[in-house]
Amino acid sequence: MSEGDIAGFALTRAAPAKINLALHVVGQRADGHHLLESLVTFADRGDRIALAAADADRFTVSGPFAAELPMDASTQGGNLVLKARDLLRAELRLREPAAAGPVHLHLEKNLPLASGIGGGSADAAAALRGLLDLWDAPIEPARLLAIALRLGADVPMCLSGTPLLAKGIGEDITPLDDFPSLPMVLVNPMVAVSTPVVFRTLANKTNPQLVLPHRVEAQTDWLSAMASMRNDLQPPAETLEPVIGTVCQSLIDTGATLVRMSGSGATCFGIFKNDEGAERAADALSAAHPGWYVLACKTTGKGA
């Protein structure tokens, strides 16, 4: 969606890609939910949500991955932007029945679907933030968190939008104010990976906990600490889609200092020494693999 396409919208909100720099599966609750510990940051690129008051609810989409989007709020597989609108509206109308009027939501879908970088969750979080502003509707943090968790375990993280450590099922969030901004390349081989299937394929549901560095004086301290971390979902995801291993090796070959899969895949990231190195790697990977999704970006954090 070009700037001209959003000229009639009251406001826009960014929905940045979420990167799991590490993801440790440390247990499983009786209800089946997995207990996670994850080091998370966000890119300076991603989807966008545009919002405006309207005579009736409306939802439109654009962008390179718009054609694949569900266009309703059905319980199974529906669009999280519309689910976020409906849940927030219902919550606000508990106290003010006339609140939260009709809205036109437009989603510019730049991130691949089912790719392990939180696209749908980021879209939902951006919709929540934008709607609260559009409707001028204050809400207690606990009520907003409850809505976010109903939408998905990643949505509370995406509401934060800054480097963090997430625990539990995603609701226990600790901001990491000293975490550095990182030059990065994201690569997806354009294969969708089912998160439930990856978790079912994971053999061990109780793995060692994630340990943060006790003392951080430079970016290299974080990189050293991350090198000893893991993504416990990467081995089962590679079993399902071996091309993930090919992507990681390709990132290593272009000079990345740290390479790992994000979330449940299939997107992988490579961290580079500088922006120029990331741009060169992205150009080389795009040329060698024109069917892959490749994005050079910078993550949020100290020094961004």
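Structure report, in brief. Residue indices follow the written sequence of each chain, beginning from 1 at its first position. Given that this is a predicted model, residues contribute local features only at a pLDDT of at least 70 and side-chain atom pairs are listed and counted only at 80 or more, while totals for whole chains, interfaces and linings are drawn from all residues. Values reported for side chains reflect all heavy atoms of the structure, with hydrogen atoms and water molecules removed beforehand.

**Some points on the overall build of the protein**
So, step 1. Counting its regular elements, the protein contains nine helices and 10 strands.
So, step 2. Radius of gyration: C-alpha atoms only; globule rule: 2.2 Å multiplied by the number of residues to the exponent 0.38. Whereas a compact globule of 304 residues would reach a radius of gyration of roughly 19 Å, the protein reaches 19 Å, a difference of no more than 12%.
So, step 3. Structurally, the protein occupies a C-alpha span of about 55 × 45 × 40 Å along its principal axes.
So, step 4. Residue burial is assigned from relative accessible area. The probe radius is 1.4 Å, only protein chains are included, and a residue is buried under 20% of its type maximum, exposed over 50%, and partly exposed in between. Here the protein, with 304 residues, has 53% of them falling under the buried criterion.
So, step 5. Note on contacts: a residue pair qualifies if any of its non-hydrogen atoms lie within 4.5 Å across the two residues. Long-range pairs, those at least 24 residues apart, make up 74% of the contacts in the protein between residues at least 6 apart in sequence. Here a strand is any run of E in DSSP of at least two residues, a helix any run of H or I of at least four, and the numbering for each starts at the N terminus.

**Notes on the state of the cysteines**
So, step 1. By disulfide we mean two sulfur atoms from cysteines, separated by a distance within 2.5 Å. Tallied over the entire structure, the rule returns zero disulfides.
So, step 2. In this model Cys158 remains outside any disulfide bridge; the closest cysteine sulfur is found in Cys297, 14 Å from its own.
So, step 3. Here Cys268 stays free of any disulfide, with the sulfur of Cys248 as its closest cysteine sulfur at 3.6 Å.
So, step 4. Judged by its relative accessible area of 0%, Cys268 is buried.

**Things to note about helix α1 (residues 80-93)**
So, step 1. Between its first and last C-alpha atoms α1 spans 20 Å; for 14 residues at 1.5 Å apiece the expected length is 20 Å, and the two agree.
So, step 2. Buried residues of α1: Val81, Leu82, Lys83, Ala84, Arg85, Leu87, Leu88, Arg89 and Leu92, and no others.
So, step 3. Here the buried face of α1 lies against β2 (34-53), β3 (58-62), β4 (103-108), α2 (119-134) and α3 (141-151).
So, step 4. In the analysis that follows, any N or O atom pair within 3.5 Å is treated as a polar contact, provided that within protein one partner can donate a hydrogen and the other can accept it, and provided that, for residues neighboring in sequence, both atoms belong to side chains. Structurally, the start of α1 carries an N-cap: the backbone nitrogen of Val81 is 2.9 Å from a side-chain oxygen of Asn79. Take the residue count of a helix, subtract one, and multiply by 1.5 Å to get its expected span.

**Focus: the side chain of Thr267**
So, step 1. With respect to the element layout, Thr267 can be found in the loop between β8 (258-261) and β9 (268-271).
So, step 2. There is a polar contact of 2.9 Å between the side chain of Thr267 and the side chain of Asn188.
So, step 3. Beyond its immediate stretch of four places on either side in the chain, Thr267 contacts Ser115, Ile117, Leu186, Val187, Asn188, Met261 and Ser262.

**Points about the side chain of Asp47**
So, step 1. Within the secondary structure, Asp47 is located in strand β2.
So, step 2. Looking at Asp47, the relative accessible area reads 2%, which means it is buried.
So, step 3. In terms of polar contacts, Asp47 uses its side chain to reach the side chain of Lys109, at 2.7 Å.
So, step 4. A distance of 2.7 Å separates a polar side-chain atom of Asp47 from the backbone nitrogen of Asn110.
So, step 5. Among all residues touching Asp47, those that are not within four sequence positions of it are Ala14, Ala15, Leu107, Glu108, Lys109, Asn110, Leu111, Gly119 and Asp123.

**So, the sheet that holds strand β10 (residues 293-298)**
So, step 1. Pairing is antiparallel across the open sheet formed by four strands, whose spatial order is β8-β9-β7-β10. The two strands at the open ends of the sheet, each matched to only one other strand, are β8 and β10. With strand direction ignored, the average angle separating the axes of adjacent strands in the sheet is 20°.
So, step 2. When DSSP finds two or more bridges between a pair of strands, those strands are recorded as paired. Relative to β9, strand β7 (residues 183-188) runs antiparallel, the two being bridged by four bridges. Its bridge partner lying in β9, Leu186 is registered against Phe269.
So, step 3. Lying over the sheet, helix α8 (residues 243-253) contacts β7, β8 and β9, oriented at roughly 15° with respect to β9. Each axis is a line fitted through C-alpha atoms, taken for helices only over the stretch in contact, and angles between the N-to-C directions span 0 to 180 degrees.

**Comments concerning the environment of Trp222**
So, step 1. Relative to the helices and strands, Trp222 is located in helix α6 (residues 219-227).
So, step 2. What makes Trp222 buried here is its relative accessible area of 3%.
So, step 3. Separated by 67 residues in the primary sequence, Trp222 and His289 place their C-alpha atoms 31 Å from one another.
So, step 4. Beyond its immediate sequence surroundings of up to four residues, Trp222 is in contact with Leu39, Leu176, Asp178, Phe179, Pro180, Leu212, Pro213 and Val216.

**Quick notes on unusual backbone geometry**
So, step 1. That bond from Gly265 to Ala266 is cis: its omega, 10°, falls within 30 degrees of zero.
So, step 2. When you line up the elements, Ala266 lands in the loop between β8 and β9.
So, step 3. For Ala114, which is not glycine, the phi dihedral falls at a positive 50°.
So, step 4. Here Ala114 lies in the loop between β4 and α2.

**Structural notes on the packing of aromatic side chains**
So, step 1. When the centres of two rings from Phe, Tyr and Trp lie within 6.5 Å, Trp using its six-membered ring, the rings pair. Their planes under 30 degrees apart give stacked, over 60 give edge-to-face, and anything left gives tilted. For the structure shown, the criterion picks out two aromatic pairs.
So, step 2. Seen in terms of ring centroids, Phe65 and Tyr293 are 5.9 Å apart; in terms of plane orientation they differ by 65°. Their pairing is edge-to-face. Separated by 228 residues along the polypeptide, Phe65 in the loop between β3 and α1 and Tyr293 in strand β10 bring together distant segments of the chain. Neither residue differs from the other here; Phe65 and Tyr293 are each classed as buried.

**Quick look at α3**
So, step 1. Among the residues making up α3, those that are buried are Arg143, Leu144, Ile147, Ala148 and Leu151. When α3 is viewed along its axis, its buried side chains cluster within an angular range of 140° and face the same direction. Residues of α3 that are exposed and point more than 90 degrees away from the buried face comprise Pro141, Ala142 and Arg150.
So, step 2. In this structure, the buried side of α3 is in contact with α1, α2 and α4 (155-160).
So, step 3. With its phi angle positive at about 155°, Gly152 sits one or two positions after the end of α3. This arc is built from the directions going out from the helix axis to the C-beta atoms.

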